[in-house]
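Chain by chain, the residues run as shown.
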Amino acid sequence: PAKFPMAMTPNDPGWNDLAGIKDGPRMNATFVTLARNSDVWEIAKSIRQVEDRFNRRYGYDWVFLNDQPFDDTFKKVTTSLVSGKTHYGLIPEEHWSFPEWIDTDKAAKVREDMKQRQIIYGDSISYRHMCRFESGFFFRQALMMNYDYYWRVEPSIELYCDVHYDPFRYMHENNKKYSFVLSLLEYMETIPTLWDSVKKFMKNHPEHIAAGNSLGFLSDDGGETYNRCHFWSNFEVGSLNWLRSDQYIDYFNSLDQDGGFFYERWGDAPVHSIAAALMLKKEELHFFNDIAYYHVPFTHCPTGEKTREALKCHCNPKENFDWKGYSCTSKFFDVNNMEKPKGWEEES
Ligand code: GDP
Ligand code: MN
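The paragraphs below set out a description of the structure included in this document. The shown structure was predicted, so the numbers you read here are calculated from the model rather than taken from an experiment.

**Quick word on the site of ligand 1**
Part 1: Inspection of the region around ligand 1 gives 14 residues, with Leu34, Asn66, Asp67, Tyr121 and Tyr127 positioned closest.
Part 2: Contacts to ligand 1 include aspartate 39, whose side-chain N or O atom sits 2.9 Å from an oxygen atom.
Part 3: Measuring from an oxygen atom of ligand 1, one finds a side-chain N or O atom of tyrosine 127 at 2.5 Å.
Part 4: Protein coverage of the free-state accessible area of ligand 1, which is 570 Å², stands at 84%.
Part 5: If you tally residues by element for the shell around ligand 1, the top one is helix H4 (residues 125-136), at three residues.

Following this line, the structure appears as structure tokens:
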């Protein structure tokens, strides 16, 4: 057993005094947030929640990234709230602009068409830059290069339960590379040719596809079509070294060349999820049942009354999305032959 065991349940030594935190191993990890200056008060709320429920006892760093320089208010407010060190990065233009192989007239026509069809963010240029940046560039910004693990936080999120152990350490000690709390179905209108692009990549790079992967989470017909299941990437705890690996970079470059970030409206959630499901082994993915989370409009409230009480949760279990029809979490459990948390049937 580790010298400083993680207290995962109230029966484990150290649960109440949170032993092992001060003297236990610390990971080389950071929170990371992409935000505009105008997001300051909404990110302030998110930081307060993350600090109260977890980071005030750990003091992990926080990296903020922006395509515009952060202003003094943003820096002052966020630095005062974060218990660890804060760092502010300006995104280089080549990570937030149209690559030279993109036909910008064609992209403009697509935006006009998607606007007519009222597809969410369909007419937005900045949203597309954001999705491409989160898909291919956040993990290789200069400020991120010194870290091994990240936890992504967006403005206006909530954490409803205490986090008693270090999720970064959990990832490290259990050889996990990617994790999620909410999963759901993507709007097909935003990704009509994404799966064709993925299939092309799989054909060109069979060496990058993992044996024992989670293809069954993505496809119900052995890989012929995409079933739209993805992990919701506004929450992620993951390995930066995996995102910086040849396999992930080859995958991102291949998709980026195909142009769907601009000719369609590919989101970073399906892009990350497909990569994780195809290029990682099943066991390298993790569902954090005990991290309770809200991002409009969905809630992950931990299944199991005992867990919720032990973690001092304040979410309404009736709002838990996990076992509802539009969620893919049930499929994730089935594909992995995992036992669903006790009480899931009553809470579905
Ligand atoms: P949604 O969750 O898909 O509705 O998208 P959000 O509006 O929450 O954007 C996702 C993340 O990207 C959030 O952390 C935003 O603060 C950030 N973001 C979105 N657009 C921009 C932008 O134009 N510039 C910057 N710097 N951040 C952005
Ligand atoms: Mn958001």
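**Observations regarding the coordination of the manganese ion (ligand 2)**
Part 1: For the manganese ion (ligand 2), every protein donor is listed as Glu154 (OE) and His295 (NE2), and the spread of their distances is 1.9 to 2.2 Å. Of this pair, glutamate 154 sits in the loop between strand E4 (149-152) and strand E5 (158-159) while histidine 295 sits in strand E11 (residues 293-295), placing them 141 residues apart in sequence. For the pair shown, glutamate 154 and histidine 295 are each scored as buried.

**What to know about the sheet that holds strand E12 (residues 298-300)**
Part 1: Judged by pairing direction, the sheet is antiparallel, and its three strands sit side by side in the order E5-E11-E12 without closing on themselves. Two strands bound the open sheet, and with one partner strand each, they are E5 and E12.
Part 2: Sheet topology note: the E11/E12 ladder contains three bridges and is antiparallel. The residue bridging tyrosine 294 from the neighbouring strand is threonine 299, located in E12.

**Here we look at the state of the cysteines**
Part 1: Evaluated as defined, the whole model comprises three disulfides.
Part 2: Put simply, cysteine 229 and cysteine 328 are joined by a disulfide, and their sulfur atoms are 2.1 Å apart. The sign of the -80 degrees torsion about the S-S bond sets the cysteine 229-cysteine 328 disulfide as left-handed. One end of the pair, cysteine 229, is in strand E8 (residues 229-231); the other, cysteine 328, is in the loop between helix H12 (305-310) and helix H13 (329-335), and 99 residues separate them in sequence.
Part 3: Assessed through its relative accessible area of 2%, cysteine 229 is described here as buried.
Part 4: With a sulfur-sulfur separation of 2.1 Å, cysteine 301 is cross-linked through a disulfide to cysteine 315. The sign of the 75 degrees torsion about the S-S bond sets the cysteine 301-cysteine 315 disulfide as right-handed. Placement of the pair is cysteine 301 in the loop between E12 and H12 and cysteine 315 in the loop between H12 and H13, with a sequence separation of 14 residues. Cysteine 315 carries the same exposure label as cysteine 301, and that label is buried.
Part 5: If one numbers only the bonded cysteines of the protein chain, in the order they occur, the disulfide pattern is 1-4, 2-6, 3-5.
Part 6: There is no disulfide at cysteine 131, and the cysteine sulfur nearest it, in cysteine 328, is 18 Å away.

**As for a nonpolar patch on the surface**
Part 1: On the surface, a cluster of nonpolar side chains totalling about 400 Å² of accessible area is made up of Ile120, Tyr121, Tyr187 and Tyr326.
Part 2: Looking at where tyrosine 326 falls in the secondary structure, it is placed in the loop between H12 and H13.

**Details of helix H1 (residues 40-53)**
Part 1: Between its terminal C-alpha atoms H1 stretches 20 Å, which fits the 20 Å expected from 14 residues at 1.5 Å a residue.
Part 2: Residues Val40, Ile43, Ala44, Ser46, Ile47, Gln49, Val50, Glu51 and Arg53 constitute the buried set of H1.
Part 3: Lining the buried residues of H1 we find strand E1 (29-34), strand E2 (61-66), helix H2 (72-81) and E5.

**Focus on the nonpolar core**
In summary, soluble globular proteins display a tendency toward joint burial of nonpolar side chains.
Part 1: Membership of the largest hydrophobic core comes to 57 residues, with the highest contact counts inside it found for Phe138, Tyr248, Tyr251 and Ile274.
Part 2: In terms of residue count, helix H11 (residues 268-279) provides more of this core than any other element does, seven residues in total.
Part 3: Residues contacting phenylalanine 138, with those up to four places away along its chain left out, are Val32, Leu65, Phe133, Met144, Tyr150, Leu240, Leu243 and His272.

**As for the packing of H1 against H2**
Part 1: Here H1 crosses H2 at 10 degrees, and the two axes come no closer than 9 Å. Relative to H2, H1 is oriented roughly parallel. From H1, Val40, Trp41, Ile43, Ala44, Ile47, Arg48 and Glu51 reach across to H2, where they touch Thr73, Phe74, Val77, Thr78 and Leu81.
Part 2: Residues of the contact of H1 with H2, tallied by class, amount to eight nonpolar, two polar and two charged.

**What about H2?**
Part 1: Those residues of H2 not exposed but buried are Phe74, Val77 and Thr78. All buried residues of H2 lie within an arc of 90 degrees about the axis, which places them on one face of the element. Along H2, exposed side chains directed more than 90 degrees from the buried face belong to Asp72, Lys76 and Ser80.
Part 2: The inward-facing, buried residues of H2 abut H1, E2 and strand E3 (86-90).
Part 3: Where H2 begins, the side chain of aspartate 71 points an oxygen toward the backbone nitrogen of threonine 73, at a separation of 3.3 Å.

The rules behind each value
- Residues numbered from 1 in each chain as written.
- Chains lettered and ligands numbered in written order.
- Predicted model: local features only at pLDDT ≥ 70, side-chain atom pairs only at ≥ 80, totals over all residues.
- Heavy atoms only, no water.
- Near = heavy atom within 4 Å.
- Polar contact = N/O pair within 3.5 Å; in protein donor to acceptor, adjacent residues only side chain to side chain.
- Areas by Shrake-Rupley, 256 points an atom, 1.4 Å probe, with all protein chains shown as cover.
- Helix = DSSP H or I, 4+ residues; strand = E, 2+ residues; numbered from the N terminus.
- Donors = N, O, S within 2.8 Å, 3.2 Å for Na, K, Ca; no water.
- Buried < 20%, exposed > 50% of the residue type's maximum accessible area, 1.4 Å probe, protein only.
- Pairing = 2+ DSSP bridges.
- Disulfide = S-S within 2.5 Å.
- Patch = residues over 30% accessible without salt bridge, like charges linked within 9 Å, V, L, I, M, F, W, Y side chains within 5 Å.
- Salt bridge = Lys/Arg side-chain N within 4 Å of Asp/Glu carboxyl O.
- Expected span 1.5 Å × (residues − 1).
- Contact = heavy atoms within 4.5 Å.
- Core = buried A, V, L, I, M, F, W, Y, C linked by side-chain atoms within 4.5 Å.
- Axes fitted to C-alpha atoms, helices over the stretch in contact; angles between N-to-C directions.
- Parallel < 35°, antiparallel > 145°, perpendicular 65-115°, else oblique.
- Nonpolar A, V, L, I, M, F, W, Y, C, P; charged D, E, K, R; others polar.
- Arc of directions from axis to C-beta.

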